[in-house]
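Chains, contacts and geometry: an overview
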Amino acid sequence: MTLLVTGASGQLGRLVVEALLERGTPAADVVAIARTPDSIADLADRGVQVRRADYTDPASLDAAFVGVDRLLLVSGSEVGQRITQHANVIDAAKRAGVGFVAYTSITRADTTDLLLAAEHRATEELLAASGLPHALLRNSWYLENYTGQLPTVLEHGAVLGAARDGRVSAATRADYAEAAAVVLAGEGDGHEGAVYELGGDHAFTLGELADTVARVAGREVAYRDLSVADYTAALVAAGLPEGYAAVLADSDRGIAEGALFTDSGDLSRLVGHPTTDLETALRAAVVRSAA
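Residues numbered from 1 in each chain as written. Predicted model: local features only at pLDDT ≥ 70, side-chain atom pairs only at ≥ 80, totals over all residues. Heavy atoms only, no water.

Counting 59 residues, the largest nonpolar core has Val 16, Val 17, Leu 20, Phe 65, Leu 71 and Leu 72 as its most contacted members. Broken down by element, this core gets its largest block of residues, nine residues, from helix α8 (residues 173-185). The residues contacting Phe 65, other than those within four sequence positions of it, are Leu 4, Ile 33, Arg 51, Leu 71, Val 89, Ala 92, Ala 93 and Ala 96. Listed in part, the 32 residues of the second largest apolar core include Leu 116, Val 159, Ala 170 and Leu 260. (Core = buried A, V, L, I, M, F, W, Y, C linked by side-chain atoms within 4.5 Å. Buried < 20%, exposed > 50% of the residue type's maximum accessible area, 1.4 Å probe, protein only. Helix = DSSP H or I, 4+ residues; strand = E, 2+ residues; numbered from the N terminus. Contact = heavy atoms within 4.5 Å.)

Here it is, written out as structure tokens:
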């Protein structure tokens, strides 16, 4: 059975390939695609089939999907262009006779009003209309969204946000990637028709995030809750493009309303172990930053 991972040069896609190999999928049965195959040449050295494909180039997708049985569509990173790009992947999968597609979506994509969810909801609708057997991997936030900000948080002694006391079910990319590998490989069952609401076992508020950073780093850190408009302005002042800043601030607005919270337990059940907790992830980030 041939398993294909799109976006294999990206942070999540690469981890999915690694998880497949670690869980025992033969390298020769894994296809990893990227716009620039040279960026994942080391996977080819390990026996993985590395192929070039671009979400904007249907012909490249047709060539890459030859002989593929099951496919993971990792959502694209180009917000505003993803519906067309994802449609190209789904159409190519159908032409190639792919038997199953898993898609990395977002928490409750079919009902949430998060700005970030619109393209995910549209993609889910495209999959339903395609007739392809599929599963939805609705990921909550990445813990790396917070651990990656650690140097800035420590510099200013503050976590900024607009999430009030809302709880977010963040998990590591590695945990989400392992779940994707389980579903893609069909472990347990075929997973056709499944909708998984994926998130960490222990949700937290941004106030609790600040407290945990303070405890781990031995520094004073506080959470500063801003209005959505003021948080957007702060992100723009920090150098983010205005459109992207608005999406991030809207996501905090959603956190305040429970949009990125899930207590389904789907993630830990799929991977077969507890998810990585916030403190463990932060301690690892502190070690990395000190290295």
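Our next topic: helix α1 (residues 11-22). In a regular helix each residue adds 1.5 Å, so twelve residues correspond to 16 Å; α1 covers 17 Å between its end C-alpha atoms and thus fits that length. The complete set of buried residues in α1 reads Leu 12, Gly 13, Val 16, Val 17, Glu 18, Ala 19, Leu 20 and Leu 21. Downstream of α1 by one or two residues, Gly 24 has phi in the positive range, about 105°. (Expected span 1.5 Å × (residues − 1).)

Read from one edge to the other, the open sheet built from seven strands follows the order β3-β2-β1-β4-β5-β6-β8, with strand pairing classed as parallel. Looking at the sheet topology across the chains shown, the edges are occupied by β3 (49-52) and β8 (195-198). The sheet shows a mean angle of 20° between the axes of neighbouring strands, direction not considered. Pairing analysis gives four bridges linking strand β6 (residues 134-139) to β8, with the strands arranged parallel. Residue pairing for β8: Asn 139 is matched across the bridge by Leu 198. Running at roughly 155° to strand β1 (residues 3-5), α1 makes contact with β1, β2 (30-34), β4 (70-73), β5 (100-106) and β6 of the sheet. In the packing of α8 onto the sheet, the strands contacted are β1, β4, β5, β6 and β8, and the crossing angle to β4 comes to about 155°. (Pairing = 2+ DSSP bridges. Axes fitted to C-alpha atoms, helices over the stretch in contact; angles between N-to-C directions.)

Under the criterion given, the structure shown has 21 salt bridges. Glu 192 is paired through a salt bridge with Arg 70; the nearest N and O atoms lie 3.9 Å apart. Taken together, the residues Glu 192 in the loop between α8 and β8 and Arg 70 in strand β4 connect sequence positions 122 residues apart. Residue Arg 70 is classed as buried on the basis of its relative accessible area, which comes to 8%. The residue Asp 113 makes a salt bridge to Arg 253 at a minimum N-O spacing of 3.0 Å. Separated by 140 residues along the polypeptide, Asp 113 in the loop between β5 and α5 (118-130) and Arg 253 in helix α11 (residues 242-256) bring together distant segments of the chain. Residue class for Arg 253 comes out buried when judged on its relative accessible area of 15%. Three or more residues joined by partner-sharing salt bridges are found here, namely Arg 14, Glu 18, Asp 42 and Arg 46. (Salt bridge = Lys/Arg side-chain N within 4 Å of Asp/Glu carboxyl O.)

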